[in-house]
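Tertiary structure, described
Chain by chain, the residues:
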Amino acid sequence: MKNLFGFGSGWRQVTGNANYKHEYMFYYLMISPSYWLAHRQVHLNEVIPQSELPENFDQVLDVYKKFGDIYSTHFIEWWDQTGKDLFANKNTKDRILISIDPTKPKQELLDDFMELLAKLDSREKKTPSTKIQFEVNKIRVTSLHNRFQLVLAKAEFFQNKIKKEQLWKLAKYIGINSTKTKEIRLNSKKTSANLETRTYLSILASKNLSDALCIAENAARGKFPSLEPIKSGMKFDYVTIKKQQDQYAKRTWALLVEGEKNKKDYGKILSPSNATRKIKMANEEMLEKKS
């Protein structure tokens, strides 16, 4: 369909492109302590004592068999090689907007349009139950983004001897969704006037970290996005997360350099599902409502 250019979620599904849920499930698996344990056992051949295995670890192993080693690759590479075949199609009638190049031969345009219709027909077929189906709830991309960024921020400053990690500062640093972030600066010293704000933001950050862990552990068991209570008994390994994110950043940079040479769209490397644009638009809309 090289002569057709489409828009909307329907087009994204037909062409096999990832949306933000695909992207963020990948990210949350990266920080999931249960998924990392499965990687150690399956890929690194470590012998993990039975007493250290979390509840429903068999479900985690099932997910790992599908998603595989996500730590040594970039999302766009993983998506092309593995991810695009893992997820169920939405059984919706999303409108597809397409544009064409009228300078192209009529027959080429007709062939492309017939290919599009064939893809639409195949999408209507029943999806095998073995494929991942996303949860339907009110968890939005901004919530997924902020919680994930909070985990990364804590990992960045965890055990840092120069800059001691404080939860309220992390909340301020990532721009957590609260008007309280406007009431204090990152370099503010502790005073009686800002104590309430510091305490509130610390509690809010702590809750969001707990939510992030819940989302990550549910993702490791094939449920995403989900805040369903889960008792895995696991905690974030911030030291390991920091190392993994440093490695991911190096791979991202390598792809950017390669993309520059081949004149590829670097935006797809930085935000494969265009999630950054969605987050920006959602934040602007939220600010308008508050003003």
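Residues numbered from 1 in each chain as written. Predicted model: local features only at pLDDT ≥ 70, side-chain atom pairs only at ≥ 80, totals over all residues. Heavy atoms only, no water.

What follows concerns the overall build of the chain. Helix and strand counts for the chain stand at 12 helices and two strands. Along the chain direction, N to C, the helices and strands of the chain fall in the order β-α-α-α-α-α-β-α-α-α-α-α-α-α. Across the 291 residues that make up the chain, the buried fraction comes to 41%. Nonlocal contacts in the chain, meaning residues at least 24 apart in sequence, comprise 72% of its contacts between residues at least 6 apart. Surface summary for the chain: the accessible area is close to 17,700 Å², and the carbon and sulfur share equals 52%. (Helix = DSSP H or I, 4+ residues; strand = E, 2+ residues; numbered from the N terminus. Buried < 20%, exposed > 50% of the residue type's maximum accessible area, 1.4 Å probe, protein only. Contact = heavy atoms within 4.5 Å. Areas by Shrake-Rupley, 256 points an atom, 1.4 Å probe, with all protein chains shown as cover.)

Applying the stated rule across the entire model yields eight salt bridges. With a shortest N-O distance of 3.8 Å, Glu183 and Lys180 are connected by a salt bridge. Note on Glu183: relative accessible area 48%, which makes it partly exposed. Residues Arg221 and Glu217 are paired through a salt bridge, measuring 3.8 Å at the closest nitrogen-oxygen approach. A relative accessible area of 9% places Arg221 in the buried class. (Salt bridge = Lys/Arg side-chain N within 4 Å of Asp/Glu carboxyl O.)

Quick look at the side chain of Gln245 now. Looking at where Gln245 falls in the secondary structure, it is placed in helix α10 (residues 238-261). If sequence neighbours within four positions are ignored, Gln245 has contacts with Met30, Phe148 and Leu152.

Under the defined criterion, the tally for this structure stands at 24 aromatic pairs. Between the aromatic rings of Tyr27 and Tyr248, the centroid separation amounts to 6.3 Å while the plane-to-plane angle is 80 degrees, which identifies the pairing as edge-to-face. Taken together, the residues span a long stretch of sequence, with Tyr27 in helix α2 (residues 20-31) and Tyr248 in helix α10 at a distance of 221 residues. When sorted by exposure, Tyr27 lands in the same class as Tyr248, which is buried. We note Lys180 situated over the ring of Tyr200; from NZ or CZ to the ring centre the distance is 5.8 Å. (Phe/Tyr/Trp six-rings, centres within 6.5 Å; stacked < 30°, edge-to-face > 60°. Lys NZ or Arg CZ within 6 Å of the ring centre and 35° of its normal.)

An α-helical turn contains 3.6 residues, so any two residues separated by three or four positions project in the same direction. Where helix α4 (residues 57-67) is concerned, the buried positions are Phe57, Val60, Val63, Tyr64 and Phe67. The buried residues of α4 all sit within an arc of 110 degrees when viewed along its axis, so they share a single face. Exposed residues pointing more than 90 degrees away from the buried face of α4 are listed as Asp58 and Lys65. Check the buried side of α4 and you find it contacts α2, α3 (33-42), α5 (75-81) and α9 (195-219). Within two residues after α4, Gly68 carries a phi angle of roughly 75 degrees, on the positive side. (Arc of directions from axis to C-beta.)

Next up on the list: a nonpolar patch on the surface. On the surface, Ile98, Ile100, Phe113, Met114 and Leu117 cluster together to form a nonpolar patch covering roughly 430 Å² of accessible area. Sorting the residues of the nonpolar patch by element identifies β2 (97-100) and α6 (106-123) as the ones contributing at least two each. Tracing the backbone shows Phe113 in helix α6. Given a relative accessible area of 36%, Phe113 falls into the partly exposed group. (Patch = residues over 30% accessible without salt bridge, like charges linked within 9 Å, V, L, I, M, F, W, Y side chains within 5 Å.)

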